[in-house]
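Each chain is listed here by its residues.
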Amino acid sequence: MQRFKLLFVMAFLIVIVIALRGFFFHEHNQAQCYLRKENIGDFVIVPAGAFVKGAHGFYPEEGHPVKIRVDTFSIQIHEVTKNQFAQFVEATGYITEAERNGGSASFVQSTTPEQWMSWWKLNEQATWRTPNGEPADLNRLGNHPVVHISLNDARAYAKWAGARLPNEIEWEYAASLGLFDPDDPESGIRGPDGEIRANTWDGVFPLFNGAEDGFVGTAPVGCYRPSLIGAFDMIGNVWEWTESPFAQSSPRFTIKGGSYLCGSNFCRRYRTSARESMEAHFSTAHVGFRVVKDITSLTITP
Ligand SMILES: [Ca+2]
Ligand SMILES: [Ca+2]
């Protein structure tokens, strides 16, 4: 009995140490990240080519692998940030759906077994300005991806920015091209040497998050090595809206890439072929977006 108590105390202390490590490491600043300040807002050209979309053996919604050819386009190298979205709001006076409709879905970490399956709550105070339901400091969070954004909000931003949202094929193609090991669909989260390359849930979801990757919640954009095409956080950090319906005649649209809430014990949807769905007017704390441009509208400076 005494031995059992000792083991229990040791296990408890280990969990506390892991949790505290996550707390102290979750506030990196942009200077520590790979993406340089002067490259915020940059796009990278995705060359035309063919790839195999979908995957066998994971989740049924990913469908059968099929080879698809994709035309060239350019993609913003990082998720749209709060600072970028603030510029759009300042220029247009746009009010998001969460602001108009009384809040957005927020993650609440489970503390008891009864709560294990109820980690989403409507937070009436949660908007892109107040991602945790409290006023956000844009100086501190301005380079984090904007969240609590509906598909309609993302479309409005993209139109203002002279861009558009990617469709699912374009997104998956760009993410697949960026994998250092195309044969390993999970190579988006760790490099060949084991280096962490994405912000996901480290630990046992939804019970504890060790934040081995440095962040419990969203990370500033570009804090992990870029992909082979030079894009950051295609995998992890926040899910990204696409313009593709989730299924034929479905009112729900496809989101890609997984988020800081994707843990390998529960949701291996940080793979390029993985997909999830949301209604166009819905918003949550872990879904953002990035934009693309048709190559003909790209201004290339010599
Ligand atoms: Ca994380
Ligand atoms: Ca992402």
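So, here's what we can say about the structure. Bear in mind that the values here come from a model prediction, so they are computed numbers and not experimental data.

## Regarding the overall build of the protein
Stage number 1. What the protein contains, in helices and strands, is six helices and 13 strands.
Stage number 2. Burial statistics for the protein: of 302 residues in total, 41% are counted as buried.
Stage number 3. The contacts in the protein between residues at least 6 apart in sequence include a share of 70% that link residues at least 24 apart.

## Let's talk about the sheet that holds strand 13 (residues 292-294)
Stage number 1. Spatially, three strands are ordered 1-4-13 in an open sheet, and the strand pairing comes out antiparallel. The strands lining the two open edges of the sheet, one partner per strand, are strand 1 (43-46) and strand 13. For this sheet, the mean inter-axis angle between neighbouring strands, taken without regard to orientation, is 30 degrees.
Stage number 2. In this sheet, strand 4 (residues 73-76) lies alongside strand 1 in antiparallel orientation, the contact comprising four bridges. Bridging across to strand 4, V44 finds its partner in I75.
Stage number 3. Sheet contacts for helix 6 (residues 168-177): strand 1, strand 4 and strand 13; angle to strand 1, the most-contacted strand, approximately 90 degrees.

## Examining the sheet that holds strand 9 (residues 239-245)
Stage number 1. Pairing is mixed across the open sheet formed by four strands, whose spatial order is 11-10-9-12. Looking at which strands have only one partner, the edges of the open sheet turn out to be strand 11 (276-279) and strand 12 (287-288).

## So, the nonpolar core
Stage number 1. Counting residues in hydrophobic clusters, the biggest one holds 56 residues, and the most contacted among them are I75, V147, I149, A154, A174, W241 and V287.
Stage number 2. Where this core is concerned, the elements lending two or more residues are strand 1, strand 4, helix 5 (151-160), helix 6, strand 9 and strand 10 (252-256).
Stage number 3. Beyond its immediate stretch of four places on either side in the chain, A154 contacts I149, L165, W241 and F289.

## Thoughts on unusual backbone geometry
Trans peptide bonds make up most of the peptide bonds, and negative phi angles are found at most residues other than glycine.
Stage number 1. Look at the link from F205 to P206: it is a cis peptide, with omega at 0 degrees.
Stage number 2. Tracing the chain through its elements places P206 in the loop between strand 7 (203-204) and strand 8 (208-209).
Stage number 3. A positive phi is found at N237, a non-glycine position, where the angle reads about 65 degrees.
Stage number 4. One can find N237 in the loop between strand 8 and strand 9.
Stage number 5. A positive phi angle is found at S249, which is not glycine, with a value near 65 degrees.
Stage number 6. Within the secondary structure layout, S249 lies in the loop between strand 9 and strand 10.

## Here's the deal with helix 5
Stage number 1. The set of residues buried in helix 5 consists of L151, D153, A154, Y157 and A158. Along the axis of helix 5, the buried residues cluster in a sector spanning 160 degrees; they form a single face.
Stage number 2. On its buried face, helix 5 is in contact with helix 2 (82-92), helix 3 (97-101), strand 9 and strand 10.
Stage number 3. Positive backbone phi, at 70 degrees, marks G162, one or two positions downstream of helix 5.

## Regarding the environment of R197
Stage number 1. Its place among the elements puts R197 in the loop between helix 6 and strand 7.
Stage number 2. Look at R197 and you get buried, because 23 C-beta atoms sit within 10 Å.
Stage number 3. Sequence separation between R197 and D233 is 36 residues; the distance between their C-alpha atoms is 8.1 Å.
Stage number 4. Setting aside anything within four residues of it in sequence, one finds R197 in contact with G188, I189, R190, G191, Y224 and R225.

Reading the values: the criteria
- Residues numbered from 1 in each chain as written.
- Chains lettered and ligands numbered in written order.
- Predicted model: local features only at pLDDT ≥ 70, side-chain atom pairs only at ≥ 80, totals over all residues.
- Helix = DSSP H or I, 4+ residues; strand = E, 2+ residues; numbered from the N terminus.
- Buried ≥ 20, exposed ≤ 12 C-beta atoms within 10 Å, placed from the backbone.
- Contact = placed C-beta atoms within 7 Å.
- Pairing = 2+ DSSP bridges.
- Axes fitted to C-alpha atoms, helices over the stretch in contact; angles between N-to-C directions.
- Core = buried A, V, L, I, M, F, W, Y, C linked by C-beta atoms within 7 Å.
- Arc of directions from axis to C-beta.

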